[in-house]
Amino acid sequence: MAIRNVRIQGDKVLEKKCKEVKEMTPRIRALIDDMFETMYDQSGVGLAAPQVGVLKRIVVIDTTGEDPYVLINPVIEETSGEQRGYEGCLSLPGKSGIVTRPNYVRVRALDENMQEYVLEGEELLARAICHECDHLDGIMYTSKVEGKIYDNSELPENEEEEA
């Protein structure tokens, strides 16, 4: 496993649509391991493959530090409710902005064994799923910010989330 460089907003790879994963290979498996290691190293709750320079539809998420999820070729099937709060991104370190997201999300994806499963999430998990799936289509959270993007030092304690 290795910690990979996280691409920063402005890098063109973050603006591109990712390609579907057709099969699990040793290279893809290593990428997933590296993505988890990179996400944990950066104290994030989610990371998408384009953030480490790979245009594949792969997301890793762990909002609790104890529930890691791999989402390969994720498709959001249902959303409901609404939550509004500060959101950050490892590709824009030290910054946050207010974004409205669904409060509930159901996503269908493949796991690391290429087995289909459904993941349902509320609150932070729902936010992370939406945020990371946006990355797979070249969308940064900054395009959804309501108002200004803040330096995290301007925020009250515990207000920022790094997705």
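The structure we're discussing is the one just above.
Residues numbered from 1 in each chain as written. Predicted model: local features only at pLDDT ≥ 70, side-chain atom pairs only at ≥ 80, totals over all residues. Heavy atoms only, no water.

Draft legend 1. Expanded view of unusual backbone geometry. Even without a glycine there, the phi angle at Met114 is positive, about 65°. If you trace the backbone, Met114 turns up in the loop between β6 (104–110) and β7 (116–122). On the basis of relative accessibility, which here comes to 21%, the residue Met114 falls in the partly exposed class. Backbone geometry at Glu123 places phi at a positive 55°, although glycine is not the residue there. With respect to the helices and strands, Glu123 occurs in the loop between β7 and α2 (124–136). (Helix = DSSP H or I, 4+ residues; strand = E, 2+ residues; numbered from the N terminus. Buried < 20%, exposed > 50% of the residue type's maximum accessible area, 1.4 Å probe, protein only.)

Draft legend 2. The environment of Val99, seen in detail. Relative to the helices and strands, Val99 is located in strand β5 (residues 95–101). Contact partners of Val99, with chain neighbours within four places excluded, come to Gln83, Arg84, Gly85, Glu87, Arg127, Tyr141, Lys144, Val145 and Glu146. (Contact = heavy atoms within 4.5 Å.)

Draft legend 3. Broad picture of the side chain of Asp62. As for its placement among the helices and strands, Asp62 is situated in the loop between β2 (58–61) and β3 (69–80). The side chain of Asp62 is buried and forms no salt bridge, while Arg127, the nearest opposite charge, is found at 16 Å. A distance of 3.2 Å separates a polar side-chain atom of Asp62 from the backbone nitrogen of Thr64. Ignoring any residue separated from it by four or fewer positions in sequence, one finds Asp62 in contact with Met39, Tyr40, Gly44, Val45, Asp67 and Pro68. (Lys, Arg positive; Asp, Glu negative; His and termini not counted. Salt bridge = Lys/Arg side-chain N within 4 Å of Asp/Glu carboxyl O. Polar contact = N/O pair within 3.5 Å; in protein donor to acceptor, adjacent residues only side chain to side chain.)

Draft legend 4. Structural view of the environment of Asp151. With respect to the element layout, Asp151 can be found in strand β8 (residues 150–151). For the pair Asp151 and Gly94, spaced 57 residues apart in the sequence, the C-alpha separation amounts to 5.9 Å. Excluding its chain neighbours within four sequence positions, the residues that come into contact with Asp151 are Gly94 and Lys95. Engagement of the side chain of Asp151 in a polar contact is seen with the side chain of Ser153, the distance being 2.7 Å.

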